[in-house]
Every structure is written in C-alpha cells, then in structure tokens.
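Tertiary structure, described
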Amino acid sequence: MPYYVTTPIYYVNGEPHLGHVYTTVAADVLARHMRQRGDEVFFLTGTDEHGEPVAQAAEREGVTPRELAERNAERFKEVARRVNATNDFFIRTSDPEHEAVVAEIATRLKESGHVYQGLYEGWYCPRCADFKTENEILEGNRCPIHLIELDREQEENWFFRLSAFQEPLEQLYAERPDWVLPRNRYNEALSFIQGGLNDLSLSRHGLTWGVPVPWDPEQTIYVWIDALLNYYSALRYARPGEDLTERFWPPTVHLIAKDILKFHAVIWPALLMAAELEQPDKLFIHGYLLMDDHKMSKSLGNVLDPFEVMDVYGTDALRYYLLREVGFGQDGSISPEGFETRYVAELANEYGNLASRTLAMVAKYRDGVVPNADPAPEIAMQFDGLAATVRQRIDRVEVSAALEDVWERVRALNRYVTDSEPWTLAKDEGAAVELDVVLYTLAEGLRVVSVLLHPWVPDSAERLLAALGREDLSLETAELGAIGGGATLGELGQLFPRVEPKAEAPA
Ligand code: MSP
C-alpha cells in the first residue's frame, strides 16, 4: 500500500525552532511505522521560500531573499537530519521544477474558467501573507495573530473563484466525516465554509520574489497557492525521470497545526477540485507547543533551539518527549524541567533500567543466552492485541496515544520484574523452569516494545534490539512469543546516560 505523509513547508524568514521540529518528528513517526508494516512510504517536508514574509525579512537583514532562503533552508535541512527524520525528499519552493508546476496548474485554472481579473480591497497582513475579513480582525484593524496594525490594500489582481466551491466543499465534508481530524477542527473548518466564501487573490502586484503569473508576468502568484502546490509538485520531480504522482497521489495525511487550518481545509481542497486532482485522504491538525502558556513562536521570542536541546538530551529523548508530554492534537506546555523529568523517570529509569536489568540477569543466570520458554500468561494477556491497537492509533494519527499504549507495557514489564523476583528464583534449583519463563518473558517483552517504540526512539530501539540479538523491525514480529529463545545477548551500555545540564553561559 502506498502511504504519503507531509509536513507544512516552513518559512525561511527565520530559523527552525522546536515548533517546526514537532510536526516533522510526528510525520517521521508515521512514516517509520508504516514502513514497518511493509507499506511503500513517501515522506515529504521542505521550505516555503517565496512571498512577502521572506522578502521583508531579507530586507531587514540586508540580504537578497534568495540569500536568506539559501541560508535558512540549509538550517531546516540540517535540523531534519539531526532529528533523524527519514523524509524521502526535501522540497524548496524556489526549485525551478516546483515553479514550473505552479505555472502549469495556474494556467490550468485559468483555462478552465476558475480565474478572473478584479480589484481587491481589504486588510492585508504581510506577516501572515493573508487578507483578513472584517470579522477576523481585532479592534484598531489589527492582525489577530501578530497584533500588528494592518494596511488597507487595493490592487488589480487575478482572482480564484473560491466562492464557487462552497457547495462542493460542503459536500466533501458531508461525505467524508474523517477527512479533517480531530473532530473539533472539522467543525471549525466546516462552519467557516458555511459562513460563506469570498474569492481569493491568486496573484499579487509589485512583489517580485515568487512565481510570475504565466499570462501576466507583472503579477506574482500568491504565496499560499504556490506553497500548497508543493504537496503535488514534489512528486512530479523528486525522482528524476519518474512521476511519483502515479504511485503516491493523493496524499494519505497532511500534518499541520491549527494556525494554517483555513488554507488546508478550505482553500486547498477547492484548488484541487478546480485543478481536477484527487483529494487527500485526511488532514490531521495538531495543537501548539506552548512555553510559559504562550505559543512558541519566533515573533514572541519564546523559542527553544532544537540543536541545543538535542546536545543535552539526545535525539531520541527529544522525539520521545515532544510526543509524550503533549497529547497530539491538543495544546500543551513544554519546558526544560519537563524534559529532564521525563528523561530520568521514564527513559532512563523505566525503559533503560528494564533493558540493563534484563540483560544482566540473562548474563548472570543463563550465561547470556535467552532461555526457551512460553511467555508468562499474565504478561501475554497484557500484550494481547497491542500491535493491532497501535496500528489503529497510527491510522488515526494518534501518535501520543499509541506511545502511551506501548509505554503501559514497559511499565507492566517493570512490575513483572518486581513481582516475580528472578533473583530469588535463581537461588532455588527447583525453580529453574520458572526462571526460564521469567527471563524469556522479559527479553521477549523488551523485544516487542522496542519494535513498537522504534518510530519514536529509533536509535535506542535499534541498539537494544541488536543487544537482544533480534534486529527484525517488521511489525509482524511485534507479538509476544513470535520469536523464541536461544539468542546470545550482546553489549548494551547505558541506553540513556545521566544528563549533564549545560553550564549556564557566563554573564
Ligand atoms: N509556510 C507556511 C506553511 C505552508 S504549507 C503549504 C507556514 N510556515 S511556518 O514556518 O509558519 O510553519 C507553521 C507550522 O510549523 C505549523 O503549522 C506547525 O506545523 C509548525 N509549528 C510552528 N510553531 C509551532 C508551535 N509552537 N507548536 C506546534 N506547531 C508549530 O505556516
């Protein structure tokens, strides 16, 4: 089965922060899990480089938009590598191949009568690159997101007949109740549509950093239309000589945060209808990462640098923390103290200790070879149906709930060590078979949770599976008892060593 997952393409007017990393990691978890199922996966991320926000930031920094884009696109690529994202392509909207597809689709829209010329007058926020309606703006004509005073703009533009798609959009929502998840976002988007749609500027005048309108090069394609099309254009040129749209279109899931819901849940499906392209299976809208109760964002200045966080805690710990601390779909606060707590209490003490104790006991009592036995019934019961539940969760993009389900079993295994007291059994020769059961159950349980946890903590899970002598990652093996004993255990070392918080920089 083909599976196509995307993140938003990030603006290059700033450097990556933890908010961007959040979506990329979540998408990576989906991609890795689907590969474990044996599906054919395409995972796309990238950068949104055109338009006013970037042009203005470049001007402030005294460089050209292209220079700023080059520099920051590199940072976004680097952070994706550093968090171990397995994206199959990194799209940049300044790629000439992307620009060509934007021009092609714009022409298609024009030729099929979805585009007309008109006069635009309205409130425009250059930071959002978005026109705001009267009922969206705050008192004093301010942007509801950036709080800056907006300009009243008037210009001749090309328009996309968004209003013509109100009914078809309502029908899409009626036919596919799961196409926007979670449900509250579906309701929000639907009521926006039902409130009536205005036509949308397809182009802007006087902005040169973008894709020229093919039939009127004085005008530039509106950056959001340019940006949304990345999801389609990437498949057209990611593999030279191949058109991946044949295999991967339509997308399985677009991951976004709620800030860009309207663009993805209203404008995007209308554009696809007009271009006669198939709709994505679903959008999943996650919440905001907050710091001190405010959305982490560059304009508020309350951002954490992902590189610094990974220097201290490591990549897996960051991946784990982000998807564990905040229920995926909801807003939630993160903090350096929160990182430390979960790192020590969960990764080091629950998962890491379980691994080192199990390996040490197999070494001590069975010369490092996992005995052959049947799994203990009380643990088998708790693992029953786990892999199937995780699959269902991932199908619904519940990446935190799936992690919680597996973590429950890590805890169950820890309780099992305490309750079964293998060190006492080891003293009693008559309890050898019982000890075999305990040691096999622990090694096998660790193997199963590690296969399932792999998408969240890939490096650690792989190291542990290698030490268990069982490196198969396929999801079919994620059943307790699927693989017998007999493996000789290897070295592991500390999975999650003590964290040395970075020394404060001298004042
Ligand atoms: N360029 C547009 C998207 C175009 S997609 C066709 C854009 N870029 S952005 O750089 O502002 O990125 C917004 C996205 O970054 C959010 O939708 C979300 O995926 C992620 N996040 C940025 N800050 C975040 C938080 N504080 N919390 C959660 N996600 C965050 O919008």
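Coordinates for the structure precede this section.
The rules behind these values
- Residues numbered from 1 in each chain as written.
- Predicted model: local features only at pLDDT ≥ 70, side-chain atom pairs only at ≥ 80, totals over all residues.
- Heavy atoms only, no water.
- Core = buried A, V, L, I, M, F, W, Y, C linked by side-chain atoms within 4.5 Å.
- Buried < 20%, exposed > 50% of the residue type's maximum accessible area, 1.4 Å probe, protein only.
- Helix = DSSP H or I, 4+ residues; strand = E, 2+ residues; numbered from the N terminus.
- Contact = heavy atoms within 4.5 Å.
- Phe/Tyr/Trp six-rings, centres within 6.5 Å; stacked < 30°, edge-to-face > 60°.
- Lys NZ or Arg CZ within 6 Å of the ring centre and 35° of its normal.
- Near = heavy atom within 4 Å.
- Polar contact = N/O pair within 3.5 Å; in protein donor to acceptor, adjacent residues only side chain to side chain.
- Areas by Shrake-Rupley, 256 points an atom, 1.4 Å probe, with all protein chains shown as cover.
- Expected span 1.5 Å × (residues − 1).
- Arc of directions from axis to C-beta.
- Pairing = 2+ DSSP bridges.

Another aspect to go through is the nonpolar core. Residues Leu-18, Leu-323, Ile-334 and Tyr-351 are the most contacted members of the largest nonpolar core, which totals 97 residues. The biggest single contributor to this core is helix α18 (residues 432-453), with 12 residues. Among all residues touching Tyr-351, those that are not within four sequence positions of it are Glu-346, Trp-407, Val-410, Leu-446, Val-449, Ser-450, Leu-453, Ala-461, Leu-464, Leu-495 and Phe-496. Core analysis: the next-biggest nonpolar cluster, separate from the first, contains 68 residues, Val-101, Ala-106, Leu-244 and Ile-260 among them.

What follows concerns the packing of aromatic side chains. In the structure shown here, the tally under the stated rule is 23 aromatic pairs. A ring pair is formed by Tyr-4 and Phe-42, whose centres lie 5.8 Å apart and whose planes are at 65°; its orientation type is edge-to-face. Linking Tyr-4 in strand β1 (residues 2-11) with Phe-42 in strand β2 (residues 40-48), this pair joins segments that are 38 residues apart in sequence. Tyr-4 gets classed as buried once you look at its relative accessible area, which sits at 0%. Phe-42 sits in the buried class, given a relative accessible area of 3%. With a centroid separation of 5.2 Å and 5° between ring planes, the pair formed by Phe-284 and Phe-328 is classed as stacked. Pair noted here: Phe-284 is in strand β13 (residues 282-286) and Phe-328 is in the loop between α12 (315-325) and β16 (332-333), with a separation of 44 residues, a long-range link. Comparing Phe-284 with Phe-328 shows no difference in burial state: the two are buried. Between the NZ or CZ atom of Arg-183 and the centre of the ring of Tyr-186, over which it lies, the distance is 4.1 Å. For the cation-ring pair, Lys-295 lies above Tyr-288, with the distance from its terminal atom to the ring centre recorded as 4.5 Å.

Here we come to the site of the ligand. Every one of the 25 residues lining the ligand counts as a neighbour, but Ile-9, Thr-23, Asp-48, Leu-289 and Met-296 are closest to it. Taking Ile-9, its main chain carries an N or O atom lying 2.8 Å from a nitrogen atom of the ligand. Between the ligand and Gly-19 there is a distance of 3.4 Å, counted from a nitrogen atom to a backbone nitrogen or oxygen. Burial of the ligand by the surrounding chains reaches 95%, relative to a free accessible area of 670 Å².

The end-to-end C-alpha separation of helix α3 (residues 65-82) is 25 Å, in line with the 26 Å expected for 18 residues at 1.5 Å each. Every buried residue of α3 is listed here: Leu-68, Ala-69, Asn-72, Ala-73, Phe-76, Val-79 and Ala-80. All buried residues of α3 lie within an arc of 125° about the axis, which places them on one face of the element. Looking at the buried side of α3, the elements it contacts are β1, α1 (18-36), β2, α2 (52-61), β3 (89-92) and α11 (306-313). Directly after α3, the chain includes Asn-84, whose backbone phi takes a positive value near 70°.

Moving on, we get to the side chain of Thr-6. Summarising the element assignment, Thr-6 is placed in strand β1. You can call Thr-6 buried: its relative accessible area is 0%. A polar side-chain atom of Thr-6 sits 2.7 Å from a polar atom in the side chain of His-254. Discounting chain neighbours no more than four positions away, the residues touching Thr-6 are Leu-44, Tyr-231, Val-253, His-254 and Leu-255.

Here β3 shows two buried faces, one formed by Phe-89 and Ile-91 and the other by Phe-90 and Arg-92. Both β2 and β3 contribute to a ladder of four bridges, which runs parallel. Bridging from a neighbouring strand, Leu-44 pairs with Phe-89 of β3.

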